[in-house]
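Observations on the three-dimensional arrangement
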Amino acid sequence: MSESVGVLGASGYVGSAVVSTLETEAYDVYPAAGSSHETYPTVDLRDREAIRSFVDDVGCVVNTAGLVGVNACEADPEAAFEINAIGATNVAWACARRGVPLVHLSSVATIGDPERQPITAEHPRDPTTTYGRTKLIGDRAVRTATDGRTPSITYCLTNPYGTPPDRAVAGNSVVDFFLERAIAGESLPVHRPGIQERDLIHVTDAAAAVVAAVDAVIDPDASPDARQYVLGSGDAYSILEVAGLVAAACHETIGSSPDVELRERPTPDQPVIRRFDIDTRELEATLGVEPTTTLEGWVDEELRHRLDERERGRNAAHSR
Ligand SMILES: NC(=O)c1ccc[n+]([C@@H]2O[C@H](COP(=O)([O-])OP(=O)(O)OC[C@H]3O[C@@H](n4cnc5c(N)ncnc54)[C@H](OP(=O)(O)O)[C@@H]3O)[C@@H](O)[C@H]2O)c1
């Protein structure tokens, strides 16, 4: 019999990629979303009873739900706390109580401005935003609630980009944003100084890593430890490099490239992270996680795909 895996936040960007990857791997998937969705039932992280009955019905839980992003959390810090901190605690507590293994999604926003490189899960945490702070409270709750009671893995995810296999939810990374602008014939705005780095991981590689974590925590021989990893590709790019990649791909494919436009930073009080090298060795050695999509390859392929789609749309409009 296939293992049943409950996915919280299944309607989201990462959650939808996790659901399709688990289904491809023949898991018995129970997706749930936050607010009312036609596709999935609602299981609100803040509703402890709802979380308990969700956890009672599955053999493993993946928590990809959250209030995500710096701006969303600054706009509603109370909701950020209730969902990212208390909500994650509710999930971890219910899993620990029933001995259900847990895979939890967190963020490198919990680290803040890195003080040493390469970055590992042991790096000190000093978040600079409400998003990072509330996620960190959630991570610590996961560790405290599950350690010694049920296997858990928390991923501090870097920056996922790209389109999930079913294309149900669009990415909103800087790469996706630049591609969209380039196709629309608009310039690529880069916040000064432009040398700030991001580790970029394709969303399907992030989903594959989540499935590897599920495989590990449901292993009958898994010890009930709370483990934590930084999840990224190991390939960091400055924002100027990302803009350059998109511009070069446009030049190659359509013969012209968008302008790159330097703009003032909207959040000048936030640190400029000049280097973001993550150490992927432990994740590869222990869980066999090895991202396969390269940013360059994906940008070329996605640009061609979107241009073809646009062409097909135009042809269909003409033939009507
Ligand atoms: N995307 C990134 O750049 C990024 C980077 C690092 C880490 N992460 C982490 O990865 C995880 C997934 O992020 P994402 O980009 O997929 O986010 P997303 O697209 O915004 O999806 C969030 C999901 O959480 C659900 N949700 C929101 N409030 C909820 C609540 N109160 N109860 C239950 N579910 C709720 C949403 O459902 P509704 O839409 O129905 O509300 C949605 O399914 C998060 O833990 C995030 O912190 C993301």
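Scroll up for the structure.
Quick caveat: nothing in here was measured; it's all calculated off a predicted structure.

**Structural notes on the overall build of the protein chain**
A tally of helices and strands in the protein chain yields 10 helices and 11 strands. Rg of the C-alpha trace for the protein chain: 20 Å, near the compact-globule value of 20 Å for 320 residues, within the 12% margin. By principal-axis analysis of the C-alpha atoms, the protein chain measures approximately 60 × 50 × 40 Å. A buried classification covers 49% of the 320 residues belonging to the protein chain. Pairs at least 24 residues apart make up 79% of the contacts formed inside the protein chain by residues separated by at least 6 positions. Accessible area for the protein chain stands at about 15000 Å²; split by element, carbon and sulfur atoms hold 47% of it. The protein chain carries 28 positive and 50 negative side-chain charges, and their two centres are separated by 4 Å.

**Notes on the pattern of salt bridges**
Enumeration according to the criterion identifies 13 salt bridges in this entry. Put simply, D44 and R46 hold a salt bridge, and the shortest N to O gap is 2.9 Å. Residue classification places R46 among the partly exposed residues on the basis of a relative accessible area of 41%. Between R52 and E49 there is a salt bridge, and its shortest N-O distance comes to 3.9 Å. Taken together, the residues R52 and E49, both in helix α2 (residues 48–56) and three residues apart, mark about one turn of the helix. Classification of E49 as exposed rests on a relative accessible area of 53%. Members of the salt-bridge network, linked through shared partners, are R167, D176, E180, E302 and R306.

**Let's talk about the packing of aromatic side chains**
Going through the model one piece at a time under the given rule, you end up with three aromatic pairs. Judged by centre distance (5.3 Å) and plane angle (65°), the rings of Y161 and W298 are edge-to-face. Within this pair, whereas Y161 is found in strand β6 (residues 159–161), its partner W298 is found in helix α10 (residues 295–319), the two being separated by 137 residues in sequence. For W298, a relative accessible area of 7% corresponds to the buried category. The lysine or arginine in question, R149, covers the ring of W93, its NZ or CZ lying 5.2 Å from the ring centre.

**What about the site of the ligand?**
Near the ligand you find 26 residues, and of these S11, V14, H37, Y131 and K135 are the closest. Here an oxygen atom of the ligand sits 2.8 Å away from a polar atom, N or O, in the main chain of S35. At 2.9 Å, a backbone N or O of L45 approaches a nitrogen atom of the ligand. Contact with the protein chains covers 83% of the free accessible surface of the ligand, which is 900 Å². Secondary structure elements with two or more residues in the shell around the ligand: α1 (13–24), β4 (102–107) and α5 (130–146). Considering each element in turn, the shell around the ligand owes the most residues, three residues, to β4. Looking at the shell around the ligand residue by residue, the class counts come to 12 nonpolar, 11 polar and three charged.

**Considering the sheet that holds strand β10 (residues 236–238)**
Taken together, three strands build an open sheet; the order of strands is β6-β8-β10 and the sheet is mixed. In this open sheet, the two edge strands, each paired with only one partner strand, are β6 and β10. The sheet shows a mean angle of 50° between the axes of neighbouring strands, direction not considered. Across three bridges, the pairing between strand β8 (residues 197–202) and β10 is antiparallel. Paired with D199 across the strands is A236, a residue of β10.

Each value, and the rule that gives it
Residues numbered from 1 in each chain as written. Predicted model: local features only at pLDDT ≥ 70, side-chain atom pairs only at ≥ 80, totals over all residues. Heavy atoms only, no water. Helix = DSSP H or I, 4+ residues; strand = E, 2+ residues; numbered from the N terminus. Rg over C-alpha atoms; globule rule 2.2 N^0.38 Å. Buried < 20%, exposed > 50% of the residue type's maximum accessible area, 1.4 Å probe, protein only. Contact = heavy atoms within 4.5 Å. Areas by Shrake-Rupley, 256 points an atom, 1.4 Å probe, with all protein chains shown as cover. Lys, Arg positive; Asp, Glu negative; His and termini not counted. Charge placed at Lys NZ, Arg CZ, Asp CG, Glu CD. Salt bridge = Lys/Arg side-chain N within 4 Å of Asp/Glu carboxyl O. Phe/Tyr/Trp six-rings, centres within 6.5 Å; stacked < 30°, edge-to-face > 60°. Lys NZ or Arg CZ within 6 Å of the ring centre and 35° of its normal. Near = heavy atom within 4 Å. Polar contact = N/O pair within 3.5 Å; in protein donor to acceptor, adjacent residues only side chain to side chain. Nonpolar A, V, L, I, M, F, W, Y, C, P; charged D, E, K, R; others polar. Pairing = 2+ DSSP bridges. Axes fitted to C-alpha atoms, helices over the stretch in contact; angles between N-to-C directions.

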